[in-house]
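# A closer look at the structure
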Amino acid sequence: MSLMGNLASLLPARRTDPHKADISRAVNRLMRPSDMTRELDPMLVWPAVALLLIGLVMVYSSSIAIAEGSRFTGYQSNYFLVRHVIFLGIGFAAGLIAFQFSMRQWQQFAPWLFLLGVVLLIAVLIPGVGREVNGAQRWIPLGPVNLQPSELMKVFVALYAADYTVRKLPDMGSFRRGFLPMAAMILFVGFLLLREPDFGAFVVICAIAFGVLFLGGINVRVFALLATVAVIGFMLLIWLSPYRRDRIFGFMDPWQDPFGRGYQLSHALIAFGRGEWFGVGLGASVEKLFYLPEAHTDFLLAVIAEELGFAGVLTIIVLFAFLIQRAFAAGREAIHLERYFSGLVAMGIGLWLGVQSFINMGVNMGLLPTKGLTLPLMSFGGSALVANCIAVAILLRVDWENRQMKRGGGG
């Protein structure tokens, strides 16, 4: 041992560059997933977990009557509960896998994922490939489950729009080089979605894509022109489509035709009225007993309002507000650290969750026309739930990398 000690003393001392050591520590943390859970933002994790668990309980409560009375479900009261638990498990596994990829890798995947989404949207329209339900061809059957490409496309668009904006940052002030290519791609995606038709997904995807462009510094005059054209375009799409036009008229006065075009909204409003401050009690809803259509999907919030009252609805709104605020906070922090792709992805996901939850809540409360959009993280639906879990996992990855970079940089 003394000989080794003497040899060591004869060797020159090894100099270390403090800056290189900091970078090395940061890289090691990014590549090593150990102890990750202790370094996650609790204000990002717990609202998402709470929404998922409340959604599980309320999906079961709102679907018992439908499941017991339908031949399709085999008259099994827990039919939707079992499937929702399975989808939650798949979503958790998908989220865990998504978290393992660095944001640099997600940026490399972004164009290919967007292309995959376009291919799936084309495939769902092919006769014999896509499955039609209630007049809409939005699903691709995969054995016992159905894949809804439009839900996955929301994740892909958030990633692609961020990647596109980062690559085109010098051209963001140009209409032709910065805005037009993305607008053409989104319009093509919109054309495919309207062929299904899925107007609600088109609105959300437009909000994600153009919201990210705006946050990335697109010319304000171009954005104002875009907003004007978009409003006119959506109005034309509504007016030229008889069933969308009927929904608008039903929304304006649901009581004029409560057994026809105002049926869903009138029963949703009845559910809100019955709930009052603290609800009629968990499981005691009357509207879910074959009165309120899609009680476990699009109108889950109405059942929450009836059973848990104003207090329950306010809790859901606060949880979504916390989650969206933390998404934007993670995005701002990433941009402060000059991780522009990560920041725009986080904000894009925040926009997605915010816009879709706002539309769903507005529809349930009678503030917006009836639209087939689910409540993120809560409503029954396999593809939507898995896509939501992947989105939350990417948010957590952005926040986790922010913390590692700050610690590695001595901040």
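Residues numbered from 1 in each chain as written. Predicted model: local features only at pLDDT ≥ 70, side-chain atom pairs only at ≥ 80, totals over all residues. Heavy atoms only, no water.

### Remarks on the overall build of the chain
Within the chain, the secondary structure is distributed over 14 helices and 3 strands. The buried share of the chain, reckoned over its 411 residues, is 48%. If you take every contact in the chain between residues at least 6 apart in sequence, the share linking residues at least 24 apart comes to 71%. Entry remark: accessible area of the chain is about 20,200 Å², with carbon and sulfur atoms responsible for 67%. (Helix = DSSP H or I, 4+ residues; strand = E, 2+ residues; numbered from the N terminus. Buried < 20%, exposed > 50% of the residue type's maximum accessible area, 1.4 Å probe, protein only. Contact = heavy atoms within 4.5 Å. Areas by Shrake-Rupley, 256 points an atom, 1.4 Å probe, with all protein chains shown as cover.)

### Overview of unusual backbone geometry
A cis amide bond, omega -5°, links E196 with the succeeding residue P197. For P197, the location among the structural elements is in the loop between α7 (175–195) and α8 (199–215). Despite not being glycine, E276 has its phi angle at roughly 50°, a positive value. By the secondary structure assignment, E276 is in the loop between α11 (263–275) and α12 (300–336). Take E276: its relative accessible area is 61%, and that puts it in the exposed class. Of note, L377 is a non-glycine position whose phi angle comes to about 70°, a positive value. The residue L377 is located in the loop between α13 (340–365) and α14 (382–408) in this model.

### Topic: the packing of helix α4 (residues 79–100) against α14
The angle between the axes and the distance between the axes are what describe a pair of packed helices. Here α4 crosses α14 at 30°, and the two axes come no closer than 8 Å. Considered as vectors, α4 and α14 are oriented roughly parallel to each other. Seen along the crossing, α4 lies across α14 with a hand that is right-handed. Residues H84, F87, L88, I90, G91, F92, A94, G95, A98, F99 and Q100 of α4 pack against G382, L385, V386, C389, I390, A393, L396, R397 and W400 of α14. When its residues are assigned to classes, the contact of α4 with α14 shows 14 nonpolar, 5 polar and 1 charged. (Axes fitted to C-alpha atoms, helices over the stretch in contact; angles between N-to-C directions. Parallel < 35°, antiparallel > 145°, perpendicular 65-115°, else oblique. Left-handed = near helix turned anticlockwise from the far one by under 90°. Nonpolar A, V, L, I, M, F, W, Y, C, P; charged D, E, K, R; others polar.)

### A closer look at the nonpolar core
Ranked by size, the top nonpolar core spans 108 residues in total, and within it M153, L159, I316 and I394 carry the most contacts. By residue number, the principal contributor to this core is α12, which donates 15 residues. Setting aside chain neighbours within four positions, we find I316 in contact with L51, I54, L301, I304, M361, L375 and M378. (Core = buried A, V, L, I, M, F, W, Y, C linked by side-chain atoms within 4.5 Å.)

### What about the packing of helix α3 (residues 42–68) against α14?
At a closest axis distance of 11 Å, the pairing of α3 and α14 adopts a crossing angle of 170°. Taken together, the axes of α3 and α14 lie roughly antiparallel to each other. On α14, the residues that touch L44, V45, A48 and L52 of α3 are L385, C389, V392, L395, L396 and D399. When grouped by side-chain class, the residues that make up the contact of α3 with α14 number 9 nonpolar, no polar and 1 charged.

### A closer look at the confidence of the model for the chain
Looking at the chain as a whole, the pLDDT averages 85, with 89% of positions reaching at least 70. Here residues 1–16 is a poorly scored stretch, pLDDT under 50, and it has 0 contacts once near neighbours within four places are set aside; other chains count. (pLDDT = per-residue confidence, 0-100.)

### Section: the sheet that holds strand β3 (residues 145–147)
Strand pairs in the sheet, formed through backbone hydrogen bonds, run parallel or antiparallel to each other. One open sheet accounts for 3 strands, arranged β1-β2-β3; its pairing is antiparallel. Among the strands making up the open sheet, the edge pair consists of β1 (131–133) and β3. Between one strand axis and the next, the sheet turns through 50° on average, direction left out of account. (Pairing = 2+ DSSP bridges.)

### Structural notes on a nonpolar patch on the surface
A grouping of M43, W277, F278, F310, L314, I317, V318 and F322 is seen on the molecular surface, where their side chains present a nonpolar patch of about 820 Å² in accessible area. For the nonpolar patch, the element with the highest residue contribution is α12, accounting for 5 residues. For F278, the position within the fold is in the loop between α11 and α12. Using a relative accessible area of 68% as the deciding quantity, one classes F278 as exposed. (Patch = residues over 30% accessible without salt bridge, like charges linked within 9 Å, V, L, I, M, F, W, Y side chains within 5 Å. Salt bridge = Lys/Arg side-chain N within 4 Å of Asp/Glu carboxyl O.)

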